[in-house]
Amino acid sequence: MSEPPVDVDAELVARVQRGDQRAFEMLVVKYQRRIERLIARMIRDVDLVEDIAQETFIRAYRALPGFRGDSAFYTWLYRIAVNTAKKAMIGLKRDPLLTEAAMGGGGDDDDDNPAVDRDLTDGETPESTLASRQIAEAVNAAVAALSEDLRQAITLREIEGLSYEEIAEMMNCPIGTVRSRIYRAREAIATRLRPLLDTREGERW
């Protein structure tokens, strides 16, 4: 029988709990960009992203002695990042909002520029690029207008690419609730996009 796969995060966490600071640095390297993208989707002020990410990892490091592995490390870190971002924005008396750039990308290999600002590729025209920009802006506005629970669910599903089970664990709710929230979010976004895409009732993005 083959051996079960090694949980690298769990091994690193155990090393940190034994006093190995370098192990925590490896966790930071592994998740820093992902956490920064997550925070960038929550706030409009991009200048704060790096500071909030740093504060997230500081809080995580301080809390790691009490981490018992009841959830995956990233699930635990995700919750710390969301709470840290919310606290920062409340302190500045601002509402968390998704940024247009964040909605336009999200992959590990994405650069910092929205797709519409890059050079035109083969087959693209200024008109099609403008249409793409309008659609991206409409999606951003639609997502920003969602309630917090719907916005979080659709972001985790469509941008982070997480499973319904992972989202349910992160949001601490039943899978059925997750499915309902994602469905309602998609319907709300489709309603905003329909005039631009000229889609029929019942079609979703």
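Because the structure is a prediction, the values reported are computed rather than measured.

Engineer: Got a minute to help me understand unusual backbone geometry in this structure?
Structural biologist: Backbone geometry follows two general trends: most residues other than glycine have a negative phi, and most peptide bonds adopt the trans configuration. One non-glycine residue, asparagine 172, adopts positive backbone phi at about 55 degrees. Relative to the assigned elements, asparagine 172 resides in the loop between helix H8 (164-171) and helix H9 (175-197).

Engineer: Any chance you could explain the pattern of salt bridges here in plain terms?
Structural biologist: It is possible for side chains bearing opposite charge to pair when their charged atoms get close. Counted under the stated rule, the structure contains 7 salt bridges. Here aspartate 9 ties to lysine 30 by a salt bridge, and the two come within 2.7 Å at their closest N and O atoms. Taken together, the residues aspartate 9 in helix H1 (residues 8-17) and lysine 30 in helix H2 (residues 21-42) connect sequence positions 21 residues apart. The partner of lysine 86 in a salt bridge is glutamate 148, with the nearest N and O atoms 2.2 Å apart. With a gap of 62 residues between them, lysine 86 in helix H4 (residues 73-91) and glutamate 148 in helix H7 (residues 148-158) connect regions that are remote in the sequence. Given a relative accessible area of 26%, lysine 86 falls into the partly exposed group.

Engineer: Looking at this model, I keep getting lost on H4. Mind explaining?
Structural biologist: In an α-helix, one full turn covers 3.6 residues, which means residues spaced three or four apart are oriented alike. An ideal rise of 1.5 Å per residue puts 27 Å on 19 residues; H4 measures up with 27 Å between its terminal C-alpha atoms. Contact partners of the buried residues in H4: H1, H2, helix H3 (49-63), H7 and H8.

Engineer: When you look at the side chain of arginine 181 in this model, what are you seeing that I'm missing?
Structural biologist: Here arginine 181 shows up in helix H9. The contacts of arginine 181, once residues within four sequence positions are left out, are Asp149, Leu150, Ala153, Met171 and Cys173.

Engineer: Is there a simple way to think about the environment of alanine 153 in this case?
Structural biologist: Mapped onto the elements of the fold, alanine 153 is located in helix H7. Among the residues examined, alanine 153 registers a relative accessible area of 0% and is labelled buried. Along the primary structure alanine 153 and tyrosine 164 are separated by 11 residues, whereas in three dimensions their C-alpha atoms are 9.2 Å apart.

Engineer: Just to check I follow, could you spell out the packing of H2 against H4 for this structure?
Structural biologist: A pair of packed helices is characterised by two quantities: the angle between their axes and the separation of those axes. The geometry of H2 relative to H4 is characterised by a closest axis approach of 10 Å and an angle of 40 degrees between their N-to-C directions. Regarding the angle of H2 to H4, the classification is oblique. In this structure, the crossing between H2 and H4 has a hand that is right-handed. Here H2 contributes Leu27, Tyr31, Arg34, Ile35, Leu38 and Met42 to the contact with H4, which in turn contributes Phe73, Tyr74, Leu77, Tyr78, Ala81, Val82, Ala85 and Lys86. Partitioned by chemical class, the residues of the contact of H2 with H4 number 12 nonpolar, no polar and 2 charged.

Engineer: Explain the environment of lysine 30 to me, please; I cannot follow it from the model alone.
Structural biologist: For lysine 30, a relative accessible area of 45% translates into the label partly exposed. Spatially, the C-alpha atoms of lysine 30 and aspartate 9 are 9.6 Å apart, while their sequence positions differ by 21 residues.

Engineer: Explain the packing of aromatic side chains here, please?
Structural biologist: Geometrically, a pair of aromatic rings is defined through the distance of the ring centres and the angle of the planes. Per the counting criterion, the structure on display carries 8 aromatic pairs. The interplanar angle of 75 degrees and the centroid separation of 6.5 Å between the aromatic rings of phenylalanine 24 and phenylalanine 57 together place this pair among those described as edge-to-face. Linking phenylalanine 24 in helix H2 with phenylalanine 57 in helix H3, this pair joins segments that are 33 residues apart in sequence. Taken as a pair, phenylalanine 24 and phenylalanine 57 share a single burial class, namely buried. Taking 5.3 Å as the distance between ring centres and 25 degrees as the angle between the ring planes, the aromatic pair formed by tyrosine 31 and tyrosine 74 counts as stacked.

Engineer: Is there a simple way to explain the nonpolar core in this structure?
Structural biologist: One broad rule of soluble globular proteins: the nonpolar side chains tend to lie buried together. Leu27, Tyr31, Ile35, Ile43, Leu64 and Phe73 are the most contacted members of the largest nonpolar core, which totals 53 residues. When residues of this core are traced back to their parent elements, those giving at least two are H1, H2, H3, H4, helix H6 (126-144), H7, H8 and H9. With near-sequence residues (within four places) excluded, leucine 64 lies in contact with Val13, Val16, Gln17, Phe24, Phe73 and Trp76.

How each quantity is defined
- Residues numbered from 1 in each chain as written.
- Predicted model: local features only at pLDDT ≥ 70, side-chain atom pairs only at ≥ 80, totals over all residues.
- Heavy atoms only, no water.
- Helix = DSSP H or I, 4+ residues; strand = E, 2+ residues; numbered from the N terminus.
- Salt bridge = Lys/Arg side-chain N within 4 Å of Asp/Glu carboxyl O.
- Buried < 20%, exposed > 50% of the residue type's maximum accessible area, 1.4 Å probe, protein only.
- Expected span 1.5 Å × (residues − 1).
- Contact = heavy atoms within 4.5 Å.
- Axes fitted to C-alpha atoms, helices over the stretch in contact; angles between N-to-C directions.
- Parallel < 35°, antiparallel > 145°, perpendicular 65-115°, else oblique.
- Left-handed = near helix turned anticlockwise from the far one by under 90°.
- Nonpolar A, V, L, I, M, F, W, Y, C, P; charged D, E, K, R; others polar.
- Phe/Tyr/Trp six-rings, centres within 6.5 Å; stacked < 30°, edge-to-face > 60°.
- Core = buried A, V, L, I, M, F, W, Y, C linked by side-chain atoms within 4.5 Å.

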